[in-house]
Amino acid sequence: MNIVVFDFNKSVGGAETFNCRFIDYLVGLGDSVAVVGYEDSALFGLLDNKSVKIKKYIIPEMDDFFVSISNQSYLGALGQKIIDNFFGEDIYVLASYFEVLHRAMHVFNGNKRVHILTGMLHPEAWSIWEPGIGFNASRAFKPKLINETWHYQRQLLLKLDRAHAIWYPNDIYRKYNSEYFSVPLNHHSSATVPVEPVTQKIRYNISAPEEFMKVLWLGRFDFFKNESILSFIDSLNVVLNNKPQLHILFDLIGYGYALYEDEVESYKKLAHERLEIRILGKRNESDIYSLIESEKYHFGVAMGSSAYHLAMIGLPVIAIDSCVKGYRRLVKGVWLDEASDEFDEGSSLYLSLIGEPSPQRNDIHVMLEDVFQYGFLENKSRSCCNYVEQFHNIDVILPKIRGFLLESSFSEKFTYRFKRNLPDEFYYRFGRKRNIKIAIFGTGSGAKKFYGKLHSDLVFTDREIKVKCFFDNDDSKFGAIFCNAPIEKFTLEATNELDVVIIASDYWPEIKAQMISCGLTRSKILRAY
């Protein structure tokens, strides 16, 4: 089977770890696998470390959802090259996440020999995604935002569902998106996150804590995890208030953007005086095992694959709900072995958002009362490990996901068409005026990107916008051709026949001040970004 995996992420997360495991499995089966990514996509490094042989297709970075006419041509040519390299045989594509799917559709351009499957790897992976922003954390858990993007995503989801082209980690994801996008998603393709067998397991016996309790968090710091960490700290504080002789060490192995790391650091100030919190940063698998063995933690708390990994090592694990600011009161958890594969990875609160009960969840501080019972943690150590081996075994899950790939019949190029490619102020100023003469100030990547949007606007509308020239302050560029127009020195006289000068540069404040000081009226200046 010919398989192509798209992955543009530059850091290692759950999706990249899964893609690496999946590709390793596929290659072991004898499938021919290619990966499309950026030069520094993290997946390439993971595969190199495991000596997994694949075909690599590197594309230039395109950090915008908008795809210009020239980039569409480039991506289409790449897709044809991939098809030719697979000798025109059928190709099965995994393109998880909304924007990655969109890029894959541009690449394969609706070729009927290509079958695309997308993975919805977070319940809100689509609903909080916005063009030009990506994941907008401020939108998490919020009411529906019904706009052009919502309508497009809704139609795309319906097409994917009918073509059996969506894979969900569990059915909560399907239910939530069916509700959010007001669309019947009837196809059930659920497969939980697979976990590789660990090479080492803890060698110490976990007994009930008496005067000292040690707990470990494993997982990224992020907008949907930090509030859950804080909720867990609240529960530890409750336990300490009820047990005056107890001291607790809470270690956190994790990392994230500086914003989220700083937020977790600030939680130390909210800890009980007998609660010590240590943030240990990012650790590799060997370091994690060594730390667990040396510190002899009583149990762990985590979400998703991090919870499964701790359980495989031998720690009892609480699977805690994911959450965002304002909803901390709703956070609950479950001992991993008491869950089902439907409710064990932290997405249960999304059932509450659509008005469905969330079974199997308990208040964390109530759950913590059990850890002081004789034999409780020792039994949980075994049963949590057994649970993961039963429900998340890599030998069971990966063939299932490969089957989802084979089942997909989605080939359509159903890409988003921007109705307004230019700044809102441009449309406000010029309304329906058809013939407009402009100059663009800037000759860097921002100017090239803006020209691509301008070009697309001309293709899809009846406007005639003439780019007279590009202005720049670097005299070594004068006279050169950039995007089909000459580069010139800015002068007031050069603007006489222009309707507007559009600044497409990060230095727009300085450039705007420069043009105004030369006598150009403000009404002739417009900022691209």
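About the thresholds
Residues numbered from 1 in each chain as written. Predicted model: local features only at pLDDT ≥ 70, side-chain atom pairs only at ≥ 80, totals over all residues. Heavy atoms only, no water. Helix = DSSP H or I, 4+ residues; strand = E, 2+ residues; numbered from the N terminus. Contact = heavy atoms within 4.5 Å. Pairing = 2+ DSSP bridges. Axes fitted to C-alpha atoms, helices over the stretch in contact; angles between N-to-C directions. Buried < 20%, exposed > 50% of the residue type's maximum accessible area, 1.4 Å probe, protein only. Right-handed = clockwise from strand over helix to strand, strands pointing away. Expected span 1.5 Å × (residues − 1). Arc of directions from axis to C-beta. Polar contact = N/O pair within 3.5 Å; in protein donor to acceptor, adjacent residues only side chain to side chain. Salt bridge = Lys/Arg side-chain N within 4 Å of Asp/Glu carboxyl O. Phe/Tyr/Trp six-rings, centres within 6.5 Å; stacked < 30°, edge-to-face > 60°. Lys NZ or Arg CZ within 6 Å of the ring centre and 35° of its normal.

Here Arg21 is to be found in helix H1 (residues 14-29). In this structure, Arg21 is in contact with Pro194, Val195, Glu196, Ile394 and Leu398, ignoring residues within four places of it in sequence.

Moving on to the sheet that holds strand E12 (residues 299-302). The strand order across the open sheet formed by six strands is E11-E10-E9-E12-E13-E14, and the pairing between neighbours is mixed. Strand pairing shows two members of the sheet lacking a second neighbour, strand E11 (275-281) and strand E14 (333-335), which therefore form its edges. Strand-to-strand twist of the sheet, defined as the mean angle between neighbouring strand axes without regard to direction, takes the value 20°. Pairing of E12 with strand E13 (residues 317-320) involves three bridges; the strand directions are parallel. In the sheet register, Gly300 faces E13, and the bridge partner there is Val317.

Bringing the pairing of strand E9 (residues 212-218) into the picture now. Among the seven residues in E9, six count as buried, and that is most of the element. Pairing of E9 with strand E10 (residues 247-253) involves seven bridges; the strand directions are parallel. The residue bridging Leu218 from the neighbouring strand is Ile253, located in E10. Crossover E9 to E10 through helix H7 (residues 226-242) is right-handed. Judged from the four bridges that link them, E9 and E12 form a sheet pairing that is parallel.

In this model, helix H14 (residues 394-407) (14 residues) spans 20 Å end to end at C-alpha, consistent with the 20 Å of a helix rising 1.5 Å per residue. When we look at burial in H14, the residues that qualify are Ile394, Ile397, Leu398, Ile401, Arg402, Phe404 and Leu405. Down the axis, H14 shows its buried residues gathered within 150° of arc, on one side only. Residues of H14 that are exposed and angled more than 90 degrees away from the buried face: Asp395 and Val396. Summarising the contacts, the buried residues of H14 are in contact with strand E1 (2-6), H1, strand E4 (91-94), strand E5 (114-119), strand E8 (166-167) and helix H13 (376-391). By the N-cap criterion, in which a side-chain oxygen at the helix start approaches the backbone nitrogen of a residue two or three places on, H14 is capped by Asn393, the distance to Asp395 being 2.7 Å.

This part is about the pattern of salt bridges. According to the stated counting rule, one finds 28 salt bridges in the structure shown. Notably, a salt bridge pairs Asp24 with Lys50, separated by 3.3 Å at the nearest N-O pair. One end of the pair, Asp24, is in helix H1; the other, Lys50, is in the loop between helix H2 (42-49) and strand E3 (55-58), with 26 residues separating them in the sequence. A relative accessible area of 29% places Asp24 in the partly exposed class. In this structure, Lys332 and Asp363 form a salt bridge, with 2.6 Å as the shortest nitrogen-oxygen distance. Of this pair, Lys332 sits in the loop between E13 and E14 while Asp363 sits in the loop between helix H11 (349-353) and helix H12 (364-367), placing them 31 residues apart in sequence. Three or more residues joined by partner-sharing salt bridges are found here, namely Glu227, Asp234, Glu263, Lys325 and Arg328.

A few words on the sheet that holds E3. Strand order in this open sheet of six strands is E3-E2-E1-E4-E5-E8, and the pairing throughout is parallel. Pairing within the sheet leaves two strands with one partner each, and these edge strands are E3 and E8.

In this section: the pairing of strand E19 (residues 500-503). The alternating pattern of E19 places Val500 and Ile502 and Val501 and Ile503 on opposite faces, both of which are buried. As judged from the four bridges shared by strand E15 (residues 435-441) and E19, these two strands associate in the parallel manner. The residue of E19 that forms the bridge with Ile440 is Ile502. Pairing analysis gives three bridges linking E19 to strand E20 (residues 525-527), with the strands arranged parallel. When the sheet's bridge partners are listed, Ile502 is paired in E20 with Leu526. What joins E19 to E20 is helix H17 (residues 508-517), and the crossover it makes is right-handed.

The topology assignment puts Asp251 in strand E10. Along the chain, Asp251 and Asp363 lie 112 residues apart, while their C-alpha atoms are 21 Å from each other. Apart from the residues lying within four places of it in its own chain, the contact partners of Asp251 are Val215, Leu216, Trp217, Arg278, Leu280 and Tyr297.

The next thing to look at is the packing of aromatic side chains. Centre-to-centre distance and the angle between the planes together describe a pair of aromatic rings. Scanning all chains against the criterion turns up 34 aromatic pairs. Judged by centre distance (5.0 Å) and plane angle (50°), the ring pair of Phe426 and Phe430 falls under tilted. Here Phe426 and its partner Phe430 are both found in helix H15 (residues 424-430), four residues apart, which amounts to about one turn of the helix. For the pair Phe426 and Phe430, a shared accessibility class is recorded, and that class is buried. Members of the aromatic cluster, joined through ring pairs, are Phe65, Phe98, Trp126, Trp129, Tyr152, Phe414 and Tyr416. The side chain of Lys243 reaches across the aromatic face of Phe372, ending 4.4 Å from its centre. Over the ring of Phe66 we find Lys453, and its NZ or CZ is 5.6 Å from the ring centre.

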